[in-house]
Amino acid sequence: MIRLFASLVAVAALCAGTANAQNYPTRPVTLIVPFAAGGPTDIVARIIGENMSKTLGQQIVVENVAGAGGTTGITRGAQARPDGYTLMMGHMGTHGAAPALYPNLRYDPTKDFEPVGLAAGTPILIVAKKDLPPKTLAEFVAYVKANQAKMNEAHAGVGSVSFTTCTMLNSMMGVKVTRVAYRGTGPALNDLIGGQVDYMCDQIVNLAEQIKAGSIKAYAIATEQRSPALPDVPTTKEAGMPDYMVSAWNAVFAPKGTPKDIVAKVNDALVKALDDEGTRKRLLDLGGVIPEKSGRTPEWLGDFVKSEVTRWTPILKAAGVTAN
Amino acid sequence: MEGFLANLSLGFITALSLQNLAFCFLGALIGTLIGVLPGVGPIATIAMLLPLTFSFDPVGALIMLAGIYYGAQYGGSTTAILVNIPGEATSVVTTLDGHAMAKQGRAGVALGIAAIGSFVSGTFATLVIAALGAPLTGLALLFGPAEYFSLMVLGLAFAVVLARGSVLKAISMIVVGLLLSTVGTDLETGEERLTLGLAALADGIDFAVLAMGVFGFAEILRNLENPESRDVVKGKIGRLLPSMDDMKQAIAPMLRGMSLGAALGILPGNGAVLGPFASYTLEKKLARDPSRFGRGAIEGVAGPESANNAGAQTAFIPLLTLGIPPNAVMALMVGAMTIHGVIPGPQVMTKNPELFWGMIASMWIGNLMLLVINLPLVGLWVRLLKVPYRLMFPAILIFCCIGIYSINNSPSDVMFTAFFGLFGYALIKFGFEPAPMLLGFVLGRLMEEKFRQALVLSRGNFMTFIDRPVSAGLLLVALIVLVIAVTPAIRRRREEAFQE
Amino acid sequence: MIRAPQDAAAGVFLILLAIIALWQGADLSAGTLGQIGSGMLPRALAVLTLLCGVTLVVESVLTRGAGLDRWGVRGPVFILGAAVAFALAVRPLGLAVAGPLVVMVSAMASRETRPVETLIFGTVITIFCLLLFKFALNLPIPVAPWLIGY
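Residues numbered from 1 in each chain as written. Chains lettered and ligands numbered in written order. Predicted model: local features only at pLDDT ≥ 70, side-chain atom pairs only at ≥ 80, totals over all residues. Heavy atoms only, no water.

### Some points on the overall build of chain A
Our working rule: Working definition: helices are DSSP H or I runs of at least four residues, strands are E runs of at least two. Numbering for both runs from the N terminus. Our radius of gyration looks at C-alpha atoms and nothing else; its globule reference is 2.2 Å times the residue count to the power 0.38. Buried, partly exposed and exposed residues are distinguished by accessible area as a fraction of the type maximum, computed with a 1.4 Å probe on protein chains only: under 20%, between the cut-offs, and over 50%, respectively.
In terms of helices and strands, chain A carries 12 helices and nine strands. Taking 324 residues into account, the globule formula puts the C-alpha radius of gyration at 20 Å, and chain A, at 21 Å, falls close to it. For chain A, the spread of C-alpha atoms along the three principal axes comes to 80 × 45 × 30 Å. Taken across its 324 residues, chain A has 60% of its residues classed as buried.

Here it is, written out as structure tokens:
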């Protein structure tokens, strides 16, 4: 009796343990989102996940594991079993800026993951309170340089996207302003609208509606082309700051060791989602940027992550910021 | 005026479609049932149920989500009254007199008053939103960090009044709550503070973890030790619904509570949390016999519950008019709206009027649904209390564990809850009360953030808190409240000292 | 000498808490009043806690008050132990194991527990939770990773 039971358990365990790419997936797949539900990365993950569920034939279940700027969730994902049933949505912060910000980081973005593919990115905008005098980006830069001591820049806390992108902007402008930390984008945006602070750098998702309504103003968007969601906002290239090209990119990763054919299957579902009419519309409405065909392969992502780490590390180290 | 009526009728036409009515009802029902489970608060409930709404159209989905939100809030109040476990920061006050009433066999009355109070204040709040939503937002934008800080100081002054016993112990608890709120990562420098080196504490202590441990687990421990005082339903169940006398006592607190709650809920930055506390303080001070409070005074449930619901609804104003979520639950709603293709912002009112007014109308309908759903359920809940305690407490425990785990899919959260259970047990043994500590904890984070922001913006000038008129006014009121709260205690102490 | 033992114990508890907080926050920079550092507030609050604790102890010597309550052992060990067991078991073993575990361990805290009844109750309520949270609501909680893989 016991032997029968034991052999049944052994067979079950064997079935559970084997990652059989032909049948993958045979049960729901967990997609770890290292941020709280409702935020930009979470929204992108859910929109894409919904479509991928249809292609893969099994549900993609989003698991929010927030904490420490996203590194808690990614650490858990990196340590998960590489059987293809745990994936994670990393982004510019967790896989680009993290090594510079967190000295005790428990993963290496370039080594501990199997890149799957880039998902939608959300461009960064330079925005200011509506009463700030400068009208163009050039005027803004001059204004900030002249009034450094009085200027207040808002960000959503050390380690957030608004923090790292504005660190880069400030160093590019060569200014040292007073940086005011907020707990999250909501309160920061609130004070920007109220005029308590002067400017901010953040993702389009959070800002588009405010800009359209005129409660804040945008100087430039840091992408190659203007966003269809905000056609009147010039790109940084047009406005005279072509080097400031940043986007809060999001990408799907799997733990190191996940079989190549499973990665290929997931990548295929991801690409199909990015091509699907309905999904594209929802992403574009948010202001998201859908990657070009050439940028959708796992290899491209792997190289991109390496370049992002190389890009952010010197800027953040120079600014002398570390989260603990 | 006619614009207002036209908008409202557009809203009602949208909200009263059969499909949307069904969504509203379903949302309220599911939200209540899940929110009632101890350990599962509104945030966990909405996050859990959000994917269910994906296949529906935006207006319907949002109506359902709003229904889930109120349902969960009300379910949380139900748990607060029946088993002394607050589902959210706003239900902490309800536990004080609500649970005391339950222990006296008046659980039905408490639940009934909470339901009726919520409905009345919900109606009021809906009217406020419909008529004054846009201009009120402008008012809220006047609040900068200095004003928020002073508001929080006022909130702390309220906390002192919450105390049932020794004022010194209440103040100690508030200070401990403030201290616990500093655990985590420093906002400006990113340094880890008081985290004992544990990665799990890097983002601070979660409110639900603290509340569940200090209230829920500690309460179970206390009940196990005192079997006589725990039988919540002694003998007859008593009245299931409030009597006319109860209603007469409750009506004025309800009206005051809903005004307070509605006003505070508008402030972005979680002003709604202060509503119930402010109402409790007000009622305690206005009552002819304040010593009844904490022992089952019906005003202590009617006022805070009305404030609670009014605040929960007016909290939608910054969301619907500005697109800025005032608290974590609303942030979830923003995400939900965005996923459904409606990006919240100042233009939602003009670009999607059916959505905006439909949601407002369905808020009122949702409140009505809650009343319809919950009043009959009162009998069911009270009967559930007759389950023998030896089966009830393991059930409470398993729901708490699952609920806590589900917040961030983290087992360490459950471990911390156990730790705080021990902490709460110690507090009870030493004669402390946990309610002021929770308030201190909730306010602490906000207070420190706003304090430091205000100082950074003023470049280190402390006078900024007094130079700005609104801030100065709030600080003055706080001082007055503190003096009123502390003087009777000092007088009593002096009498005692003389007697010695 | 101590007229209010409960207050005295309460005061000592606060003093200990304050000392732990001060020790942990010792290496944080307090900054200046003009540029408040991360350590200023925790330190100030810890000092306030210390003051409250000392006041309580002093007061316990001067005024009469409640006596010390006895601490139970069975209750805390089994209730809190049940939660810890859940935390340790839920990810490797799943809710299918952690659920009944919580119910049975916590039930041992009460003298009124009947073993067989508790076992049945534990199983029933775990099945209810699985149906509700996992299958109806799709909560990403592990069911039984050692048996069915998720």
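### Comments concerning the state of the cysteines
Heads up, the rule is: Disulfides are defined as cysteine sulfur pairs within 2.5 Å.
Counting across every chain of the model gives one disulfide over all chains. Shown here is the disulfide that connects A:Cys166 with A:Cys201, its sulfur atoms set 2.0 Å apart. Classification of the bridge connecting A:Cys166 and A:Cys201 rests on its S-S torsion, roughly 70°, and on that basis the disulfide is right-handed. Taken together, the positions of A:Cys166 in helix 6 (residues 161-173) and A:Cys201 in strand 7 (residues 199-203) put the pair 35 residues apart, joining distant regions of the chain. A:Cys201 shares its class with A:Cys166; the two are buried. Cysteine C:Cys129 is unpaired, with the sulfur of B:Cys401 as its nearest cysteine sulfur at 10 Å.

### Here's the deal with the pairing of strand 9 (residues 247-255) of chain A
All names here are of chain A. Let me state the cut-off plainly: In short, DSSP must find at least two bridges between two strands for them to pair.
By the criterion of burial, strand 9 is predominantly enclosed, with eight of the nine residues buried. Here four bridges tie strand 3 (residues 86-91) to strand 9, and the two strands are oriented antiparallel to one another. Paired with His-91 across the strands is Asn-250, a residue of strand 9. Note: strand 4 (residues 113-129) against strand 9, eight bridges, orientation antiparallel. Across the sheet, the residue bridging to Glu-114 is Ala-254, located in strand 9.

### Let's talk about the interface of chain A and chain B
Inclusion rule: In what follows, residue pairs with any heavy atoms lying within 4.5 Å of each other are defined as contacts. What counts as buried area is the accessible surface, traced by a 1.4 Å probe, that two parts surrender upon association, with contributions from both included. Just to be clear on terms, a salt bridge is a Lys or Arg side-chain nitrogen sitting within 4 Å of an Asp or Glu carboxyl oxygen. A 3.5 Å cut-off defines polar contacts: any pair of N or O atoms within that distance qualifies, except that in protein one atom must be a possible hydrogen donor and the other a possible acceptor, and neighbouring residues in sequence count only when both atoms are side-chain atoms. Polarity classes work like this: nonpolar for Ala, Val, Leu, Ile, Met, Phe, Trp, Tyr, Cys and Pro, charged for Asp, Glu, Lys and Arg, and polar for all others, with Gly in that last group.
Listed by partner, the interface residues are 45 residues for chain A and 43 residues for chain B. Approximately 3600 Å² of surface area, both sides summed, lies buried where chain A meets chain B, with 53% of it carried by carbon and sulfur atoms. Taken together, the connections running from chain A to chain B amount to one salt bridge. Across the pair B:Glu449 and A:Arg183 runs a salt bridge, and its minimum N-O distance is 3.8 Å. Applying the counting rule to chain A against chain B returns 11 residue pairs in polar contact (both at pLDDT 80 or more). Residue assignment for the side of chain A that touches chain B shows that the elements contributing at least two residues are helix 2 (40-56), strand 2 (60-64), strand 6 (178-181), helix 7 (185-193), helix 8 (204-213) and helix 11 (277-286) of chain A. Of all the elements, helix 7 of chain A adds the most residues to the side of chain A that touches chain B, at six residues. Class assignment of the residues belonging to the side of chain A that touches chain B gives a composition of 18 nonpolar, 14 polar and 13 charged.

### Section: the pairing of strand 2 of chain A
All names here are of chain A. The test is simple: With the strands aimed away from the viewer, a crossover counts as right-handed if its path from the first strand over the helix to the second runs clockwise.
Counting buried positions along strand 2 gives five out of five residues, so the element sits mostly inside the fold. Residues of strand 2 alternate between two faces, with Ile-60, Val-62 and Asn-64 on one and Val-61 and Glu-63 on the opposite face, all of them buried. The parallel pair strand 1 (residues 29-33) and strand 2, bridged by helix 2, forms a crossover whose chirality is right-handed.

### As for the packing of helix 9 (residues 207-225) of chain B against helix 18 (residues 389-408) of chain B
A pair of packed helices is captured by two measures, namely the crossing angle of their axes and the spacing between those axes. Residues and elements named next belong to chain B. Spelled out, the test is: Note on method: axes are straight lines fitted to C-alpha atoms, helices fitted across the in-contact stretch only, with angles between N-to-C directions ranging 0 to 180 degrees. The labels follow the angle: roughly parallel below 35 degrees, roughly antiparallel above 145, roughly perpendicular from 65 to 115, and oblique for the rest.
In the contact formed by helix 9 and helix 18, the axes pass within 11 Å of each other and the chain directions differ by 170°. Looking at the two axes, helix 9 sits roughly antiparallel to helix 18. On helix 18, the residues that touch Ala-208, Val-209, Met-212, Phe-217, Glu-219, Ile-220, Asn-223 and Leu-224 of helix 9 are Tyr-389, Phe-393, Ile-396, Leu-397, Cys-400, Ile-404 and Ile-407. Each residue belonging to the contact of helix 9 with helix 18 can be placed in one class, and the counts come to 13 nonpolar, one polar and one charged.

### Focus on the interface of chain B and chain C
Each partner contributes to the interface: chain B provides 65 residues, whereas chain C provides 72 residues. Between chain B and chain C, a total of about 6000 Å² is buried, with carbon and sulfur atoms accounting for 77% of that surface. Counting every contact that joins chain B to chain C gives three salt bridges. Viewed at the interface, chain C and chain B are joined by eight residue pairs in polar contact (both at pLDDT 80 or more). The set of elements that each furnish at least two residues to the side of chain B that touches chain C consists of helix 3 (42-49), helix 8 (167-181), strand 2 (192-193), helix 9, helix 18, helix 19 (411-429), helix 20 (434-457) and helix 22 (469-499) of chain B. Along the lines of polarity and charge, the residues of the side of chain B that touches chain C split into 41 nonpolar, nine polar and 15 charged.

### Overview of the packing of aromatic side chains
Threshold: Ring pairs shown here join Phe, Tyr and Trp side chains whose ring centres sit within 6.5 Å, with only the six-membered ring taken for Trp; geometry is labelled stacked below 30 degrees between planes, edge-to-face above 60, and tilted in between. Working rule: Lys NZ or Arg CZ, within 6 Å of ring centre, within 35 degrees of ring normal, means a charge sits over the ring.
Within this structure, the stated rule accounts for 26 aromatic pairs over all chains. Feature note: the residues B:Phe419, B:Phe420, B:Phe423, B:Tyr425, B:Phe430, C:Phe13 and C:Trp71 constitute an aromatic cluster, connected by ring pairs. Over the face of the ring belonging to B:Tyr148 we find B:Lys450, whose NZ or CZ atom lies 5.3 Å from the ring centre.

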